[in-house]
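Structural characterization, general
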Amino acid sequence: MNEKNKLIDKYSAKVYKNRKDHILQLEDLDEAQSIAANTRAIPGVMTARGCCYAGAKGVVVGPLKDVCVITHGPVGCGFYSWGTRRNKARADEDSGGKNFVPYCFSTDMQEPDIVFGGEKKLEKAIEEAVALFSPACIMICSTCPIGLIGDDVQAVARRTEEKYGIKAIGYSCEGYKGVSQSAGHHIANNGLMRYVIGTGDKAPAKKFSVNVLGEYNIGGDGWEQERILKRCGIEVVSMFTGDGSYGALKNAHLAGLNLVMCHRSINYIAEMMKTKYGIDWLKVNFIGVGATCKSLRDIAKYFNDAELTRRVEEVITDELSLIYDDIEYYKSRLTGKTAGIFSGGSRSHHYQVLLRDFGIETIIAGYEFAHRDDYEGREIIPFIKEDADNKNIETITVERDLALYRERYSEAELEALGAELDVDSYDGMIPEMNPGNIVVDDYNHFETDELIRTMKPDIFFSGIKDKYSIQKAGVTSRQMHSYDYSGPYAGFRGAVNFGRDVTMALYTNAWSFVSPPWKNEPMLVGTIGG
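Please read these numbers as outputs of a predicted model, since none were measured by experiment.

Rules of the game
Residues numbered from 1 in each chain as written. Predicted model: local features only at pLDDT ≥ 70, side-chain atom pairs only at ≥ 80, totals over all residues. Heavy atoms only, no water. Phe/Tyr/Trp six-rings, centres within 6.5 Å; stacked < 30°, edge-to-face > 60°. Buried < 20%, exposed > 50% of the residue type's maximum accessible area, 1.4 Å probe, protein only. Helix = DSSP H or I, 4+ residues; strand = E, 2+ residues; numbered from the N terminus. Pairing = 2+ DSSP bridges. Contact = heavy atoms within 4.5 Å. Axes fitted to C-alpha atoms, helices over the stretch in contact; angles between N-to-C directions. Core = buried A, V, L, I, M, F, W, Y, C linked by side-chain atoms within 4.5 Å. Patch = residues over 30% accessible without salt bridge, like charges linked within 9 Å, V, L, I, M, F, W, Y side chains within 5 Å. Areas by Shrake-Rupley, 256 points an atom, 1.4 Å probe, with all protein chains shown as cover. Salt bridge = Lys/Arg side-chain N within 4 Å of Asp/Glu carboxyl O. Right-handed = clockwise from strand over helix to strand, strands pointing away. Lys, Arg positive; Asp, Glu negative; His and termini not counted. Polar contact = N/O pair within 3.5 Å; in protein donor to acceptor, adjacent residues only side chain to side chain. Parallel < 35°, antiparallel > 145°, perpendicular 65-115°, else oblique. Nonpolar A, V, L, I, M, F, W, Y, C, P; charged D, E, K, R; others polar.

**Comments concerning the packing of aromatic side chains**
- In this structure the tally under the stated criterion is 20 aromatic pairs.
- Ring plane angle 75 degrees and centroid distance 5.5 Å describe the contact between Tyr-302 and Phe-303, whose orientation is recorded as edge-to-face. Phe-303 carries the same exposure label as Tyr-302, and that label is buried.
- Ring centres of Tyr-302 and Tyr-409 lie 5.2 Å apart, and the angle between their planes is 90 degrees; on these two criteria the pair is classed as edge-to-face. Taken together, the positions of Tyr-302 in helix α13 (residues 289-303) and Tyr-409 in the loop between α16 (372-376) and α17 (411-417) put the pair 107 residues apart, joining distant regions of the chain.

**Some details on the sheet that holds strand β5 (residues 167-171)**
- Sheet architecture is open: four strands sit in the order β3-β2-β4-β5, paired in parallel fashion. Bordering the open sheet on either side are β3 (105-106) and β5, each of which pairs with just one other strand.
- One ladder, built from six bridges, connects strand β2 (residues 67-72) with strand β4 (residues 137-142); its direction is parallel. If you follow Ile-70 over to β4, its bridge partner there is Ile-140.
- Lying over the sheet, helix α3 (residues 52-61) contacts β2, β4 and β5, oriented at roughly 150 degrees with respect to β4.
- Where helix α9 (residues 182-195) meets the sheet, its contacts fall on β4 and β5, and the angle it forms with β5 comes to roughly 155 degrees.

**Side note on unusual backbone geometry**
- Omega for the peptide link from Phe-240 to Thr-241 comes to 0 degrees, which places this bond in the cis form.
- Take Thr-241: it is sitting in strand β7 (residues 234-241).
- Even without a glycine there, the phi angle at Arg-86 is positive, about 55 degrees.
- The class for Arg-86 is buried, based on a relative accessible area of 16%.
- Within the chain, Asp-442 stands out as a residue other than glycine whose phi angle is a positive 50 degrees.
- Considering the arrangement of structural elements, one finds Asp-442 in the loop between β12 (438-441) and α18 (445-455).

**Details of the nonpolar core**
- Within the largest apolar cluster, 56 residues are counted, with the highest numbers of intra-cluster contacts made by Leu-229, Leu-259 and Phe-498.
- Looking at this core element by element, the count peaks at eight residues for helix α14 (residues 306-334).
- With sequence-adjacent residues up to four places away left out, Leu-259 is seen in contact with Val-210, Asn-211, Val-212, Leu-213, Leu-229, Leu-282, Val-284, Phe-286 and Ile-299.
- Of all hydrophobic cores here, the second largest spans 54 residues; its members include Met-139, Tyr-216, Ala-252 and Cys-262.

**Quick word on a nonpolar patch on the surface**
- Taken together, Trp-511, Phe-513 and Val-514 make up a surface patch of nonpolar side chains, about 350 Å² in accessible area.
- Judged by relative accessible area, Phe-513 falls into the exposed class, the value being 74%.

**Examining the pairing of β7**
- Taking burial as the measure, the eight residues of β7 include seven buried ones, the bulk of the element.
- Bridge count between strand β6 (residues 208-215) and β7: seven bridges; the pairing is parallel. Paired with Phe-208 across the two strands is Ile-234, which belongs to β7.
- A crossover connection joins β6 to the parallel β7 through helix α10 (residues 221-231); in handedness this β-α-β unit is right-handed.

**As for the sheet that holds β7**
- Read from one edge of the open sheet, four strands run β7-β6-β8-β9, paired in parallel fashion. The sheet is open, and its two edges are formed by β7 and β9 (281-283), each paired on a single side. When the angles between neighbouring strand axes are averaged without regard to direction, this sheet yields 25 degrees.
- Of the strands in this sheet, β6, β7, β8 (257-260) and β9 touch α13, which is tilted by about 160 degrees from β8.

**Quick look at the pattern of salt bridges**
- All told, the structure shown has 37 salt bridges when counted by the stated rule.
- Ionic pairing is found between Glu-224 and Arg-227, a salt bridge with its closest N-O pair at 2.7 Å. Residue Glu-224 and its partner Arg-227 are both found in helix α10; the two are separated by three residues, about one turn of the helix.
- For Glu-224, a relative accessible area of 7% corresponds to the buried category.
- Via salt bridges that share partners, Glu-224, Arg-227, Arg-231, Asp-318 and Glu-319 belong to a single interconnected network.

**Notes on the side chain of Lys-283**
- Looking at where Lys-283 falls in the secondary structure, it is placed in strand β9.
- Buried within the structure, Lys-283 lacks any salt-bridge partner; Asp-374 is the closest side chain of opposite charge, at an N-O distance of 8.4 Å.
- Within polar-contact distance, the side chain of Lys-283 engages the side chain of His-350 at 2.8 Å.
- Look past the residues within four positions of Lys-283 in its chain and what remains in contact with it is Val-260, Met-261, His-263, Ser-346, His-350, Ser-425 and Tyr-426.

**Some thoughts on the environment of Ala-370**
- Residue placement: Ala-370 occurs in the loop between β11 (361-367) and α16.
- For the pair formed by Ala-370 and Ala-37, sequence separation is 333 residues and the distance between their alpha carbons is 6.4 Å.
- Among all residues touching Ala-370, those that are not within four sequence positions of it are Ala-37, Asn-38, Arg-264, Tyr-375 and Asp-441.

**Remarks on the packing of α13 against helix α20 (residues 491-507)**
- Closest axis-to-axis distance for the α13/α20 pair is 9 Å, and the angle between their directions is 170 degrees. The pairing of α13 with α20 is recorded here as roughly antiparallel in orientation. Residue-level inspection shows Val-289, Thr-292, Cys-293 and Leu-296 of α13 in contact with α20, the latter providing Gly-491, Phe-492 and Ala-495.
- Broken down by class, the residue content of the contact of α13 with α20 amounts to five nonpolar, two polar and no charged.

**Focus on the side chain of Glu-447**
- Tracing the backbone through its elements, the reader meets Glu-447 in helix α18.
- A distance of 2.6 Å separates the side chain of Glu-447 from the side chain of Tyr-11, its partner in a polar contact.
- Residues in contact with Glu-447, not counting those within four places in the same chain, are Leu-7, Tyr-11, Arg-19, Ile-23, Val-440 and Asp-442.

**So, the packing of α10 against α14**
- Running from N to C, α10 and α14 cross one another at 130 degrees; their axes reach a closest spacing of 9 Å. With respect to their mutual orientation, α10 and α14 come out oblique. Where α10 approaches α14, its residues Arg-227, Ile-228 and Arg-231 are matched on the opposing element by Arg-311, Val-315, Asp-318 and Glu-319.
- Taken together, the residues that form the contact of α10 with α14 break down as two nonpolar, no polar and five charged.

Interpretation note: all reported values are geometric properties and have no functional meaning in isolation.
What follows is the structure, given as structure tokens:
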């Protein structure tokens, strides 16, 4: 019996029927292997997922530094999505010298507000925000109670624009919508595309320019990527949305190319910008030494400029020379180790590449909120059947902007380029994993514990919800949502930071020396009576 069967055989019939398609043990087959994803979690199962509001506010729009992002709902929702992912930001010219990321804006809805309505309280909060901070833009993110009582955040946004003469956007991203935070990503993408992207006219200063999509600057990752790109002579027009700003996003349509880091959270914008403005996108990965080199070379191939190609190779050679000794040292300590990764976004895919740089094999991997195309690649999108839970998420359509559309390559040229470069495409996580590896969608605490027990990884990368239960089981754990207050982990220098932290964690694993009391003595004692 393989590890997958050992795991799901412990479930009841109802749970077994659901979870068997969400867990995949890879086989050495010629045909592609399929996995179930983006469906409702079973009630009562301790899923690690977040909600729609968390995806919109906590992931996509929350990191915008010149925007007052107001949580319209209980203060607990605002606190949940504030400061937990360490989206670093610093004021700059595009943000008008402003940085509101350290603040938590909430209407703090109370019971009387739920009964009598909260629109007046929201308008009062906006009035205070404008008076105190003079933001360039206000965004309103509604939580579950707001959808239930019917407050119209879009109407409040329109009144805000008329009253103060600034951009205001309302997001109906109530937590119960969709099946996970993925729904919130989609809603936030729609709003940015509708009301922000394409409204500016500041053209890039350099010949080669990009947007970096799906990079949230956790621990400074985005800054490291921008540093490398600038060394190559490539201008970063905007970051979506780590250290990003409303001021910069307005001009995103003028960039020469979109680079997609987190496919799940931002692919909607990449596709819509391709349709409306003609901007191609490349799926890149700046997590890992080899991955960073490949991404830089792919960008140079796309722009097809000899001077840029030469500069990229110079930068790669120089950066590699600076980190070679450190990488080799950490590799000598880590080669042969195994790992598990459960996270959101594309991190479960990206970090396998970085771990491979250090000789670590990832034997378990899974996502919290992925869709099938994140696992299997975008070619399966036409065959994905949408269920009822996802049909309340608006899918907007865009048309070619005749004034702003710019086609860099014709269809024939793109087809020829596709022989050596995947443009507007993503192959997914599964093709890069090995036979015998376990892939889990919408993982839960039970499955995490069982897979650690049966697969015995040396280290486990996960989220804050399950990091400590893993450590208390004696397994080294690093969490990928805030990097345990370290980082950056992106790019060449980031790889060294990652190798250092993983080496320290594995060789100073204090929890492995502690035996929890429930392993040695019963926590509950009872008798059978009656």
